[in-house]
Amino acid sequence: MPLSEHEQRMLEQMERALYAEDPKFATALEGSGLRTYTRRRVYQAVAGFLVGIALLMAGMVAKQVWLSVVGFLVMLGCAVLAVTGWRKAPKPGEQAAGAGGQPAGRRQGRQRRSMMDRIEQRWQKRRDEQGGH
């Protein structure tokens, strides 16, 4: 849910006050946002993927099928984590430009909504066609 204009102004005012009062603390808080968390999660998933490859190969060399299966499952799980983490990571500048990024966010919301409307209309049309026969 997007913030109202008044809430955005209040947030910007609080950010400016924080920077003015303690710039070192404010800069430290910037790096601990969602973007840093998701980037770290993607790196961990990539490392886990490599561990999965190692387990898969070790299972093949030792002729232990169960170890290879575990390695494959680790690889699969880490690949899913990396992809979902990468998609959820905000783009550079998205977090910093909260007020400036709103029109683009609204536009995407409209596109998604119109796409969902089209899907719902198609679904309704199919249901009506099947119900009529």
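Every value quoted in this text rests on a predicted model; they were computed, and no experiment measured them. (Residues numbered from 1 in each chain as written. Predicted model: local features only at pLDDT ≥ 70, side-chain atom pairs only at ≥ 80, totals over all residues. Heavy atoms only, no water.)

(A) Quick peek at the overall build of the protein chain. Within the protein chain, the regular secondary structure consists of five helices and zero strands. Traced from its N-terminal end to its C-terminal end, the protein chain shows the element sequence α-α-α-α-α. Relative to its 133 residues, the protein chain shows a buried fraction of 14%. Residue pairs at least 24 apart in sequence account for 53% of intrachain contacts in the protein chain once pairs closer than 6 positions are excluded. Per element, the accessible surface of the protein chain, about 11,100 Å² overall, is 62% carbon and sulfur. (Helix = DSSP H or I, 4+ residues; strand = E, 2+ residues; numbered from the N terminus. Buried < 20%, exposed > 50% of the residue type's maximum accessible area, 1.4 Å probe, protein only. Contact = heavy atoms within 4.5 Å. Areas by Shrake-Rupley, 256 points an atom, 1.4 Å probe, with all protein chains shown as cover.)

(B) A look at the pattern of salt bridges. Under the counting rule described, the total for this entry stands at one salt bridge. Across the salt bridge formed by E12 and R16, the nearest N and O atoms sit 3.9 Å from each other. With a gap of four residues between them, E12 and R16 both fall in helix α1 (residues 5–21), about one helical turn apart. Given a relative accessible area of 31%, E12 falls into the partly exposed group. According to the relative accessible area criterion, R16 is exposed, its value standing at 54%. (Salt bridge = Lys/Arg side-chain N within 4 Å of Asp/Glu carboxyl O.)

(C) Broad picture of the UniProt feature "transmembrane region" (unreviewed entry) in the protein chain. Under the feature "transmembrane region" (unreviewed entry), the UniProt entry names residues 42–60 and 66–86. The distance from the first to the last C-alpha atom of residues 42–60 is 27 Å, and the span holds 100% helix and 0% strand. (UniProt positions renumbered as here; feature names shortened; annotations may be inferred.)

(D) Summary view of the environment of G71. Mapped onto the elements, G71 comes out in helix α4 (residues 65–88). Along the primary structure G71 and L55 are separated by 16 residues, whereas in three dimensions their C-alpha atoms are 4.5 Å apart. Excluding its chain neighbours within four sequence positions, the residues that come into contact with G71 are G52, L55 and L56.

(E) Main features of unusual backbone geometry. Here K63, not a glycine, exhibits a phi torsion of approximately 55 degrees, which is positive. With respect to the helices and strands, the residue K63 is situated in the loop between α3 (34–61) and α4. A relative accessible area of 72% places K63 in the exposed class.

(F) Focus on a nonpolar patch on the surface. Together, V65, V69, F72, L73, L76 and V80 make up a nonpolar patch on the protein surface, roughly 570 Å² of accessible area in all. Locating L76 in the fold gives a position in helix α4. For L76, a relative accessible area of 46% puts it in the partly exposed group. (Patch = residues over 30% accessible without salt bridge, like charges linked within 9 Å, V, L, I, M, F, W, Y side chains within 5 Å.)

(G) Representation of the environment of L56. You can see L56 is positioned in helix α3. Once the C-alpha coordinates of L56 and M75 are considered, the two residues, 19 residues apart in sequence, prove to be 8.8 Å apart. If we skip the residues at most four places from it in the chain, L56 touches S68, G71, F72 and M75.

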